[in-house]
Amino acid sequence: EQVLLAGCTFQQLGANGVVIRGGTGHGVLGCDIRSVGAGGVRVAGGDRKTLTPGNHFVENCHISDFSRVDRVYAPAVYVDGVGQRIAHNLLHDSPHHGMRVEGYEHTIEYNEIHSVVYEFDDQAGIDIYGNPAYRGLLLRNNFWHHIGSGYNVAGQAGIRLDDFISDVLIYGNVFYRCA
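Residues numbered from 1 in each chain as written. Predicted model: local features only at pLDDT ≥ 70, side-chain atom pairs only at ≥ 80, totals over all residues. Heavy atoms only, no water.

(A) Focus on the overall build of the chain. Scanning the chain from N- to C-terminus turns up 0 helices and 20 strands. Rg of the C-alpha trace for the chain: 15 Å, near the compact-globule value of 16 Å for 179 residues, within the 12% margin. Each principal axis of the C-alpha atoms in the chain carries an extent, and together these give about 45 × 35 × 25 Å. In the chain, which comprises 179 residues, the share counted as buried stands at 48%. For the chain, the share of sequence-separated contacts (at least 6 apart) that also reach a separation of at least 24 residues comes to 65%. Carbon together with sulfur atoms contributes 49% to the accessible area of the chain, which is approximately 8100 Å² in total. Once the 13 positive and 19 negative side-chain charges of the chain are each reduced to a mean point, those two points are 1 Å apart. (Helix = DSSP H or I, 4+ residues; strand = E, 2+ residues; numbered from the N terminus. Rg over C-alpha atoms; globule rule 2.2 N^0.38 Å. Buried < 20%, exposed > 50% of the residue type's maximum accessible area, 1.4 Å probe, protein only. Contact = heavy atoms within 4.5 Å. Areas by Shrake-Rupley, 256 points an atom, 1.4 Å probe, with all protein chains shown as cover. Lys, Arg positive; Asp, Glu negative; His and termini not counted. Charge placed at Lys NZ, Arg CZ, Asp CG, Glu CD.)

Here's what the structure looks like:
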């Protein structure tokens, strides 16, 4: 419980920068993660059956130049489970998406996401996909900009709710130069 990685630098790694699975209240705070082969932070926790939150968080981190080896499905932040918070982060420079969200009752707020999805389509700054049962997601007050290749292709966006994703509250976000 309550393991905290604070003020760390993770760089030039072949896979993910940080992986948190299980437990409660773990956090990544004020870390720099850059030049990684896969994703920046993978965080999963909580109990889907009882909707008990994991209460993990990724906050005030700068994650850049990710997905260098795994060019797809290796976002800056991948969140799963129940009740995680992703806030006040700067996420940028990836050929694929910036964040991937699966699960229930997560809060994504006050992040800046830019310069992602520049090699692929059918993706976004944040991708939520795969299970129409996901509920209670909150995306508020984020800044999404310079997302997409700039070419006329299908499926590039700031926020992408794919395959019947519903019960997502989206407000206060700013979009600039998003495909």
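(B) A nonpolar patch on the surface, seen in detail. Together, Phe143, Val174 and Tyr176 make up a nonpolar patch on the protein surface, roughly 260 Å² of accessible area in all. A relative accessible area of 44% means that valine 174 is categorised as partly exposed. (Patch = residues over 30% accessible without salt bridge, like charges linked within 9 Å, V, L, I, M, F, W, Y side chains within 5 Å. Salt bridge = Lys/Arg side-chain N within 4 Å of Asp/Glu carboxyl O.)

(C) Here's a closer look at the pairing of strand S15 (residues 123–128). In terms of burial, S15 is largely enclosed, as 6 of its 6 residues are buried. Where strand S12 (residues 99–101) meets S15, 3 bridges bridge the pair, whose relative direction is parallel. Bridge pairing links valine 101 to isoleucine 128 in S15. By the bridge criterion, 5 bridges tie S15 to strand S18 (residues 156–161) in an arrangement that is parallel. Within S18, the residue paired with aspartate 127 across the bridge is arginine 160. (Pairing = 2+ DSSP bridges.)

(D) Structural context of the sheet that holds strand S14 (residues 112–116). Reading across the sheet, the 7 strands line up as S2-S5-S8-S11-S14-S17-S20 and stay open at both edges, with parallel pairing between neighbours. For this open sheet the edge positions go to strand S2 (9–13) and strand S20 (174–178), each flanked by a neighbour on one side alone. Averaged over all pairs of adjacent strands, the angle between strand axes in this sheet comes to 5°, irrespective of strand direction. Where strand S17 (residues 143–147) lies against S20, 4 bridges are found, and the strand directions are parallel. Bridging across to S20, histidine 145 finds its partner in tyrosine 176. (Axes fitted to C-alpha atoms, helices over the stretch in contact; angles between N-to-C directions.)

(E) Broad picture of unusual backbone geometry. With phi around 60°, histidine 88 is a residue other than glycine that occupies positive phi space. Among the structural elements, histidine 88 can be located in the loop between strand S10 (85–87) and strand S11 (90–94). A positive phi is found at aspartate 93, a non-glycine position, where the angle reads about 70°. One can find aspartate 93 in strand S11. Aspartate 93 gets classed as partly exposed once you look at its relative accessible area, which sits at 30%.

(F) Highlighting the sheet that holds strand S9 (residues 77–81). Spatially, S3-S6-S9-S12-S15-S18 is the arrangement adopted by the 6 strands of the open sheet, whose pairing is parallel. Of all strands in the sheet, those bounded by a partner on one side alone are strand S3 (18–21) and S18. Shown here is a sheet whose adjacent strand axes are inclined to one another by a mean of 10°, direction ignored.

(G) Spotlight on the nonpolar core. Counting residues in each nonpolar core, the largest one holds 36 residues, and the members touching the most others are Ile63, Met99, Ile126 and Leu139. In this view, leucine 139 contacts Ile108, Ile126, Ile128, Trp144, Ile159, Val168, Leu169, Ile170, Tyr171 and Asn173; residues no more than four positions away in its chain are not counted. (Core = buried A, V, L, I, M, F, W, Y, C linked by side-chain atoms within 4.5 Å.)

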